Amino acid sequence: MRRYRITHETTYAYSGLVQLHPHTLRLRPREGHELRIESSKLEIFPSATQRWHRDVEGNSVSIASFSDQARRLRIYSEILIQKYDLIPYDFLVADYAVDYPFNYLDEDRVLLSPYINSGMDETNSFHFMNWISELWRHGERIPTINLLLRLNQRIFHTIAYHRREEEGVQSAESTLFLNTGSCRDSANLFMASARKLGFAARFVSGYIHTNCMSAQSGSTHAWAEVFIPGAGWKGFDPTRGSIAGAEHIAVAVARLPESIPPIAGSFFGVPGSSMEVNVEVSDIT
């Protein structure tokens, strides 16, 4: 078991006095057999009324509502967690899914269908289909995990990491064209590619523990998960070229990446604002 302290501070500065609309916060990690929360603290200035719920994906969500006007908004989260999934390759794949291609069981496909059908026209483009054909050729028999690792490594080696501060996620087609993107862009490309191959895949937003020299330190992180029969949802991090393990701390999952920003909200008043985000994940084992 490993213990981590996660601090996440977001500060908004406005051009003048504004009225803050309700803000949606996704800052609390997903608990389960591989992750337990020891303690958590959430401070908001100006003061806000918080209402917690779980969304359709089971993510823990807080809605912060404000009554006072403000020139500045500060949201500070501090959480202590325990992580137990120290051996990421310690899983078994169901016999029928050991090799690719395979078909999900009918009862599973009913639940997984939203994660299989991307609904993205861009994934039918010549550029994207050529990317897929170079990754896997029709008729090739390959261990399922090897194909997913091949996809993970290909993105890791061909898409240069670029930290983007602007909101939103690049389309898979744009990331391929630019050969560069943020962690969320690479995760979106992995997810779109896995779906095109027939896998159920979803987007993950969270944190990662890295050394202080890493380009991903000081910010949130994103990767993708694929449903592998027998193993369940397994995380793949194309930004780092690895399977998600003890250092990956999932906060929210979704079918669409734009559905789960860590903080989302708006304000009414003088236009113009700036944002500063500071994230630190410390190993306190």
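Let me begin by describing the structure that accompanies this report. (Residues numbered from 1 in each chain as written. Predicted model: local features only at pLDDT ≥ 70, side-chain atom pairs only at ≥ 80, totals over all residues. Heavy atoms only, no water.)

## Some points on the pairing of strand β4 (residues 48-54)
Sheet faces and side chains relate simply in a regular strand, where the side chains alternate between the two faces.
Then, in step 1: Across seven bridges, the pairing between β4 and strand β5 (residues 60-66) is antiparallel. Considered in β5, the bridge of His-53 is made with Val-61.
Then, in step 2: Counting the residues in the hairpin turn of β4 and β5 gives five residues, including Gly-58, whose phi is positive at 85 degrees. (Pairing = 2+ DSSP bridges. Helix = DSSP H or I, 4+ residues; strand = E, 2+ residues; numbered from the N terminus.)

## Observations concerning helix α1 (residues 106-116)
Then, in step 1: The set of residues buried in α1 consists of Leu-112, Tyr-115 and Ile-116. Along the axis of α1, the buried residues cluster in a sector spanning 80 degrees; they form a single face. For α1, exposure combined with an orientation more than 90 degrees from the buried face picks out Asp-106, Glu-107, Val-110 and Leu-111.
Then, in step 2: The secondary structure elements touched by the buried residues of α1 are α5 (183-196), β11 (201-208), β12 (221-228) and β13 (232-237). (Buried < 20%, exposed > 50% of the residue type's maximum accessible area, 1.4 Å probe, protein only. Arc of directions from axis to C-beta. Contact = heavy atoms within 4.5 Å.)

## Describing the sheet that holds β4
Then, in step 1: In spatial order, the strands read β4-β5-β2-β16; together these four strands make up an open sheet with antiparallel pairing. In this open sheet, the two strands that pair with only one neighbour each are β4 and β16 (263-264).

## A word on the packing of helix α2 (residues 126-135) against α5
Then, in step 1: Closest axis-to-axis distance for the α2/α5 pair is 11 Å, and the angle between their directions is 75 degrees. Between α2 and α5, the angle is such that the two are roughly perpendicular. For the pair α2 and α5, the contacting residues are Phe-128, Met-129, Trp-131 and Ile-132 in the first and Leu-189, Ala-192, Ser-193 and Lys-196 in the second.
Then, in step 2: Along the lines of polarity and charge, the residues of the contact of α2 with α5 split into six nonpolar, one polar and one charged. (Axes fitted to C-alpha atoms, helices over the stretch in contact; angles between N-to-C directions. Parallel < 35°, antiparallel > 145°, perpendicular 65-115°, else oblique. Nonpolar A, V, L, I, M, F, W, Y, C, P; charged D, E, K, R; others polar.)

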